[in-house]
Amino acid sequence: MSPLVELTDVAFAYGERPVLSGINMAIPRGKVVAIMGGSGSGKTTLLRLIGGQLRPQAGQVKVADRVVSELRSGDLYRFRRRLGMLLQFGALFTDLSVFDNVAFPLREHTRLPESLIRDLVLMKLHAVGLRGARQLMPAELSGGMARRVALARAVALDPMLILYDEPFTGLDPISLAVIGNLIRRLNDALGATSIVVTHDVHESLAIVDDIYFVSEGRVVAHGTAAQMSDSALPFVRQFVHGEMDGPVPFQYAAPPYGEDLRLGRP
Amino acid sequence: MQRTTLDVWVGLFVVGGLAALLVLALKVGNLSALGMSHTYTVYADFGNIGGLKVRAPVKSAGVVVGRVSDIAFDNKTFEARVALNLDARYHFPVDSSADILTSGLLGEQYVGLEPGASNRVLAAGSTIRLTQSAVILENLIGQFLFNKAQGGSGASGGAGQ
Amino acid sequence: MIDWFLDTFGSVGQRVLQSVRRLGYAARFFLLTLAKSGTSFARFGLVVKEIYAAGVLSLVIILVSGLFVGMVLGFQGYNTLARYGSESALGVLVALSLVRELGPVVSALLFAGRAGSAMTAEIGLMKATEQLVAMDMMAVDPVARVVAPRLWGGILSMPLLSAMFSAVGVFGGYLVGVVLIGVDEGSFWSQMQAAVDFREDIVNGVIKSVVFGVAVTAIAVFEGYDAPPTAEGVSRATTRTVVTSSLVILGLDFIMTAFMFRG
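Everything quoted here is computed from the prediction, not taken from an experiment.

Definitions and cut-offs
Residues numbered from 1 in each chain as written. Chains lettered and ligands numbered in written order. Predicted model: local features only at pLDDT ≥ 70, side-chain atom pairs only at ≥ 80, totals over all residues. Heavy atoms only, no water. Helix = DSSP H or I, 4+ residues; strand = E, 2+ residues; numbered from the N terminus. Buried < 20%, exposed > 50% of the residue type's maximum accessible area, 1.4 Å probe, protein only. Contact = heavy atoms within 4.5 Å. Areas by Shrake-Rupley, 256 points an atom, 1.4 Å probe, with all protein chains shown as cover. Lys, Arg positive; Asp, Glu negative; His and termini not counted. Charge placed at Lys NZ, Arg CZ, Asp CG, Glu CD. Salt bridge = Lys/Arg side-chain N within 4 Å of Asp/Glu carboxyl O. Axes fitted to C-alpha atoms, helices over the stretch in contact; angles between N-to-C directions. Parallel < 35°, antiparallel > 145°, perpendicular 65-115°, else oblique. Nonpolar A, V, L, I, M, F, W, Y, C, P; charged D, E, K, R; others polar. Left-handed = near helix turned anticlockwise from the far one by under 90°. Core = buried A, V, L, I, M, F, W, Y, C linked by side-chain atoms within 4.5 Å. Pairing = 2+ DSSP bridges.

Enquirer: Explanation requested: the overall build of chain C in the structure shown.
Expert: When helices and strands are counted, chain C shows 10 helices and 0 strands. Starting at the N terminus, the α and β elements of chain C follow one another as α-α-α-α-α-α-α-α-α-α. Projecting the C-alpha coordinates of chain C onto the three principal axes gives extents of approximately 65 × 60 × 30 Å. Per-residue burial over chain C gives 48% buried out of 263 residues. Put simply, of all contacts in chain C between residues at least 6 apart along the chain, 83% involve residues at least 24 apart. Accessible surface for chain C amounts to roughly 11700 Å². Of this, 69% is attributable to carbon and sulfur atoms. A gap of 6 Å separates the mean positions of the 18 positive and 18 negative side-chain charges of chain C.

Here it is in structure tokens:
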């Protein structure tokens, strides 16, 4: 069976500044895969390429055997209906209640009767444990709850592929564990495939199948979660164990310290 | 906000806006005053129209019976050809005369229609034969001064001799 | 010195180029929004919601301002006209000022401050909090779903608001002129009706307000959509909406007045 998401020699630059170069990835169906890397390493750009928000300058991104960058707007929207995406802070519609937020994709894309929409929404909200919060407005939710509502909204149309952009950022440990578990459970229950872009090592190691490490626009390591936590590669070691200095230097590029302090000068 | 209350408010808003437009059209504007929907056009040639403007009123016996709809210069007669839109309710004899008059001493100029005595009425598209041009104040003053000067110099000349 | 000159002219040139580019982008965005307006009319409920936000919520400020502007016109007009002994023309003065100029212009300026700024802030915040991206990723076009209904809500609200402004203003002038000062009521109304022409004055006023409505909402939604996705970016965009649309209103008003009332 061919992988659901396949990236071959993908390169991307914002103007003159290269962000990704020669990225190769294959994400098999049914798996939860993490893409990890430091801030500014191009992880989120990868996600945008997969979702069709950006087009690569070289190489191609294939999802379900179709080249995403070649989709015209109508086809792109048809493709995105089978895609769920959880943005960094949930991005709930602030003028709609929790219920209406989850119902939004259903109302936009289906002509289901309101009673059926109600049932579907309550099912999705139940899956994230917030059936009781359906009347609340997004402003009344905690960060973790908002993330869960956004998750319910992302899976409202039972997508084949779910993309997570930093789902763990700014959450307390309990919410973090809840979201982590939900990502795994929803993926398996829906028979979907998930891609999690994150720099939260410990939460990810517990729930994902495969991990790609991205640094300076390249894939530097790739393997199962177990392989990665025992990896001897310097970058992976530094990242997984949170070491201060390593391939990613502690010091920003600067002239030699002594010279900067004008030591040895009259 | 409930969907239905919102609809009610927007409905009231639209009704209010349209009502305001209606008030402007009927109470403030002259849409009701002159039902200009049924009109016929007659023409009048003037040697000089002075400051007459398009949309100036056409009055007969002080009543507004129409409006000036067009003013053009006729290249053959070298006269101004004025089109008058008259209310279809009013009819005038063919020998009526059209004068360009001024309301007050310095007011706006309008066309005065003086009915004639004929039994036949002006048909649409016909031309009024009898016209009197605008009184040009400058000419009037000029004439007055000229007369005065002539009379004055004659008198002083007489006194000198 | 020469360097200073070069720098100054260089930066001026840069800014001009940038403004022209932005204007082009704004025009393209406006056409794009018009092209994507199908959804707004297929689901008119979306537009109704925006008429509520732009029109109904601006109603109080429009009505109160209209009343006061009319009353002030009543006092000032009476003062001036009384010098020439033509107080009976007060109705003409109040009605013509309102219907031709003040109604469309002042209500559009108020609309820009009340509804335009809110529109920019709303769309800008939706962008800053990634709601627009989320919508796009849910295969819902944010221009069709968020921008177009707001544009149409504004365009439909503006002429209604300005008509109400003028009507209330005439009433305010009547209150001061006739009720308070005691100008003859009959000549107030009859002179007004004789002088105010439906096509020439009222229709032209409505045309003005429609043009202002298009201009203000187009600027507001563009500034919102184009705002940098930060708190500072949104607040600046909101300010720009009010400043730009006020200037555009006055500029367009001059051009239209020159064309409409030349004779």
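Enquirer: For this particular structure, what's the right way to read the overall build of chain A?
Expert: Scanning chain A from terminus to terminus reveals 10 helices and 10 strands. Over its C-alpha atoms, taken along the principal directions, chain A stretches across nearly 85 × 40 × 35 Å. Burial analysis of chain A (266 residues in total) assigns 49% to the buried set. For chain A, restricting intrachain contacts to residue pairs at least 6 apart in sequence, the fraction spanning at least 24 positions comes to 65%. About 13000 Å² of surface is accessible on chain A, with carbon and sulfur atoms providing 53% of the total. On chain A, the mean spot of the 28 positive side-chain charges and the mean spot of the 27 negative ones are 6 Å from each other.

Enquirer: Would you mind showing me how to read the pattern of salt bridges here?
Expert: Oppositely charged side chains can form a pair if their charged atoms are brought close together. Residues and elements named next belong to chain C. A complete count under the given rule lists 23 salt bridges over all chains for this structure. For Lys36, the salt bridge is made with Asp141, and the minimal N-O distance between the two is 2.6 Å. One end of the pair, Lys36, is in the loop between helix 1 (2-35) and helix 2 (38-42); the other, Asp141, is in the loop between helix 6 (131-137) and helix 7 (142-181), and 105 residues separate them in sequence. The closest approach of N and O atoms between Glu122 and Arg150, which form a salt bridge, is 2.9 Å. In this pair, Glu122 is assigned in helix 5 (residues 90-128) and Arg150 in helix 7, connecting sequence segments 28 residues apart. What emerges from the salt-bridge pattern is a single network uniting Arg22, Glu223, Asp226 and Arg240.

Enquirer: Explain the packing of helix 1 (residues 3-28) of chain B against helix 8 (residues 185-195) of chain C to me, please; I cannot follow it from the model alone.
Expert: Each packed pair of helices is defined by two parameters, the angle between the axes and the distance between the axes. Contact geometry for helix 1 of chain B and helix 8 of chain C: axes closest at 8 Å, N-to-C directions at 100°. Accordingly, the angle class assigned to the pair helix 1 of chain B and helix 8 of chain C is roughly perpendicular. Contact residues: helix 1 of chain B offers Leu26, Lys27 and Val28 of chain B, while helix 8 of chain C offers Trp189, Met192 and Gln193 of chain C. Partitioning the contact of helix 1 of chain B with helix 8 of chain C into residue classes produces 4 nonpolar, 1 polar and 1 charged.

Enquirer: Before we go on, may I ask you to explain the packing of helix 9 (residues 198-226) of chain C against helix 10 (residues 231-260) of chain C in this structure?
Expert: All names here are of chain C. Axis separation between helix 9 and helix 10 bottoms out at 9 Å; the angle between their running directions is 155°. Viewed along their axes, helix 9 and helix 10 adopt a mutual orientation that is roughly antiparallel. Every pair of crossing elements has a handedness; the one defined by helix 9 and helix 10 is right-handed. For the pair helix 9 and helix 10, contact is made by Asn204, Ile207, Lys208, Val211, Phe212, Ala215, Val216, Ile219, Ala220 and Glu223 and by Ala237, Arg240, Thr241, Thr244, Ser245, Val248, Ile249, Leu252, Asp253, Met256, Thr257 and Met260, respectively. For the contact of helix 9 with helix 10, the class distribution of residues is 13 nonpolar, 5 polar and 4 charged.

Enquirer: Looking at this structure, I do not really get unusual backbone geometry. What am I missing?
Expert: Outside of glycine, negative phi angles account for most residues, and trans bonds account for most peptide bonds. With a phi angle near 50°, Ala64 of chain A is a residue other than glycine that sits in the positive phi range. Here Ala64 of chain A lies in the loop between strand 4 (58-63) and strand 5 (66-67). Given the relative accessible area of 22%, Ala64 of chain A is considered partly exposed. Here the phi dihedral of Ala139 of chain C falls at roughly 65°; this positive angle occurs in a residue that is not glycine. One can find Ala139 of chain C in the loop between helix 6 and helix 7.

Enquirer: I tried to follow helix 1 (residues 43-51) of chain A on my own but got confused; where do I start?
Expert: Helical geometry note: an α-helix holds 3.6 residues per turn, so side chains three or four residues apart project in the same direction. Residue and element names in this part refer to chain A. Counting buried positions along helix 1 gives 7 out of 9 residues, so the element sits mostly inside the fold. Burial in helix 1 covers these residues: Lys43, Thr45, Leu46, Leu47, Leu49, Ile50 and Gly51. Count one or two residues on from helix 1 and you reach Gly52, which has phi positive near 80°.

Enquirer: Help me understand the side chain of Glu108 of chain A in this model?
Expert: Along the polypeptide, Glu108 of chain A turns up in helix 3 (residues 98-109). Setting aside anything within four residues of it in sequence, one finds Glu108 of chain A in contact with Arg43, Val140 and Arg145 of chain C.

Enquirer: What exactly am I supposed to notice about the nonpolar core here?
Expert: Nonpolar side chains tend to gather and get buried jointly when the protein is soluble and globular. Counting residues in each nonpolar core, the largest one holds 105 residues, and the members touching the most others are Val5, Leu7, Ile50, Val63, Leu161 and Ile195 of chain A. Top contributing element to this core by residue count: helix 7 of chain C, with 15 residues. Each residue touching Leu7 of chain A, except ones within four places of it in the same chain, is listed here: Ile23, Asn24, Met25, Leu46, Ile50, Gln60 and Val61 of chain A. Core analysis: the next-biggest nonpolar cluster, separate from the first, contains 48 residues, Val121, Leu122, Val155 and Ile183 of chain A among them.

Enquirer: Looking at this structure, how should I read the sheet that holds strand 1 (residues 5-14) of chain A?
Expert: Hydrogen bonds between backbone atoms are what pair the strands of a sheet, whose relative direction is either parallel or antiparallel. Residues and elements named next belong to chain A. Read from one edge of the open sheet, 4 strands run 2-1-4-5, paired in antiparallel fashion. A single partner strand is all that each edge strand has here, and the edge strands are strand 2 (17-27) and strand 5. As paired strands, strand 1 and strand 4 are joined by 5 bridges and run antiparallel to one another. Directly across from Glu6, in strand 4, lies its bridge partner Lys62. Each of strand 1, strand 2 and strand 4 is contacted by helix 1, which is oriented at about 120° to strand 1, the strand it contacts most.

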